[in-house]
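Listed here are the chains, written in short residue letters.
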Amino acid sequence: MTEGSQQAPWYRHFWPWFIIALLGMAVTASLYTLFIASQGNDSLVVAGDGGTNVVTERNMEAQLSAMDLGLSAELVMDEATGSIQVTLLSGTLPNNPPTLELWLSHPTFADRDERTTVTIGPPDANGRLVWVGRLLDIPTGKRYVVLRDGDNWRLNGVWEGEPNIRLTPAGPAADD
C-alpha cells in the first residue's frame, strides 16, 4: 500500500468527535434538568386535608354558591398607598360578613402570594356593600385574585396591574 491510500484512525476525524460532543451535551443538559427539577417543592400542587380533590371540590362548591347568590364585585387598588376597596356589584348575601379574605396569587411562585383581610365599611353612594383593606406589598405582574367568605362563596379574577378589576364566580381561579 502507498502512503496516500492509508486511512487515518477514527479518532483523528472530525465527525466522530462532533457526534460524541452532541451526545455529551444532551446527557449534561438532561442531568442539569434533573438537578433543577429535584430542587424545592412544587408550589402549584396544593393538597388539602384529604388531598387535592377535596380542595378543588370546596372551591367549586364555593363558586357555585356565589353563582346561586348572583354575586359579582369590583376590586379597586391604589398602588401608591396599597389601599384596596371591594364593592359588591350584584347579588344579595344572606348575612353581611364583617370580614372577607382577599388573595392575590402569583401564577407560579407561592412565596410571592399576598393575602389580606378586608373589613366591611360604610355603603357607597348607591347603597352597595363595601369592604376596605390594605396590602403591605404592592404586587407586580400578573396575579390571580380570589375574594372569599370562608367556604361559603368565592369570586375570582385576574389582576395585571390595572387599578380596578371585576370579580365573578366563573372567573379564572387559583387553588388555595
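Residues numbered from 1 in each chain as written. Predicted model: local features only at pLDDT ≥ 70, side-chain atom pairs only at ≥ 80, totals over all residues. Heavy atoms only, no water.

Caption draft 1: Up close: the pattern of salt bridges. Scanning the model with the defined rule gives one salt bridge in all. Note that Arg128 and Asp124 form a salt bridge whose closest N and O atoms lie 3.0 Å from each other. (Salt bridge = Lys/Arg side-chain N within 4 Å of Asp/Glu carboxyl O.)

Caption draft 2: Broad picture of the side chain of Arg154. Looking at where Arg154 falls in the secondary structure, it is placed in strand β7 (residues 153-159). Side-chain polar atoms of Arg154 contact the side chain of Asn156, separated by 3.1 Å. (Helix = DSSP H or I, 4+ residues; strand = E, 2+ residues; numbered from the N terminus. Polar contact = N/O pair within 3.5 Å; in protein donor to acceptor, adjacent residues only side chain to side chain.)

Caption draft 3: The arrangement of the sheet that holds strand β6 (residues 143-149) in detail. Read across the open sheet, the eight strands follow the order β7-β6-β3-β4-β5-β2-β1-β8; overall the sheet is antiparallel. Looking at the sheet topology across the chains shown, the edges are occupied by β7 and β8 (164-167). Direction aside, neighbouring strands of the sheet carry axes that sit 25° apart on average. (Pairing = 2+ DSSP bridges. Axes fitted to C-alpha atoms, helices over the stretch in contact; angles between N-to-C directions.)

Caption draft 4: Here's a closer look at the pairing of strand β2 (residues 83-90). Here strand β1 (residues 72-77) pairs with β2 via six bridges, running antiparallel. Bridge pairing links Ser72 to Ser90 in β2. Here β1 folds back onto β2 in antiparallel fashion, the turn holding five residues, of which Gly82 has a positive phi close to 85°. Alignment of β2 against strand β5 (residues 130-134), held across five bridges, turns out to be antiparallel. By the bridge assignment for β5, Thr87 is matched with Val130.

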